[in-house]
Amino acid sequence: MQALSQAKPGETYTIDWMFGVPDVLEFLHSRHVREGGTIRVIQQCRDSVLIGVQGVRLVLENEVADRIKVGQYS
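Residues numbered from 1 in each chain as written. Predicted model: local features only at pLDDT ≥ 70, side-chain atom pairs only at ≥ 80, totals over all residues. Heavy atoms only, no water.

Things to note about the overall build of the chain
- What the chain contains, in helices and strands, is two helices and six strands.
- Secondary structure of the chain in N-to-C order comes out as β-β-α-β-β-β-α-β.
- Rg of the C-alpha trace for the chain: 11 Å, near the compact-globule value of 11 Å for 74 residues, within the 12% margin.
- Across the 74 residues that make up the chain, the buried fraction comes to 35%.
- Long-range contacts, defined as pairs at least 24 residues apart, comprise 57% of the intrachain contacts of the chain with a sequence gap of at least 6.
- Only carbon and sulfur atoms are counted for the fraction: they give 49% of the accessible area of the chain, which is about 4600 Å².
- Computed over 8 positive and 9 negative side-chain charges, the separation of the two mean positions in the chain equals 7 Å. (Helix = DSSP H or I, 4+ residues; strand = E, 2+ residues; numbered from the N terminus. Rg over C-alpha atoms; globule rule 2.2 N^0.38 Å. Buried < 20%, exposed > 50% of the residue type's maximum accessible area, 1.4 Å probe, protein only. Contact = heavy atoms within 4.5 Å. Areas by Shrake-Rupley, 256 points an atom, 1.4 Å probe, with all protein chains shown as cover. Lys, Arg positive; Asp, Glu negative; His and termini not counted. Charge placed at Lys NZ, Arg CZ, Asp CG, Glu CD.)

Here is the structure:
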């Protein structure tokens, strides 16, 4: 398990757990980013990560991505 902010671009991951401010979690859940779901890391930037979830792309600041733990998708 690793932080989403440390995940490799081009790989698919399963979200193991996530925590943070309730409003942020509600926003992420509304975009299908939730525990047990799969995401694809598209690009790592200096202070953010670009992910793809069910046809939607989101940019998350590393502060948010640090609070999302992922494991390799199998």
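From this point, the discussion proceeds with the structure in view.
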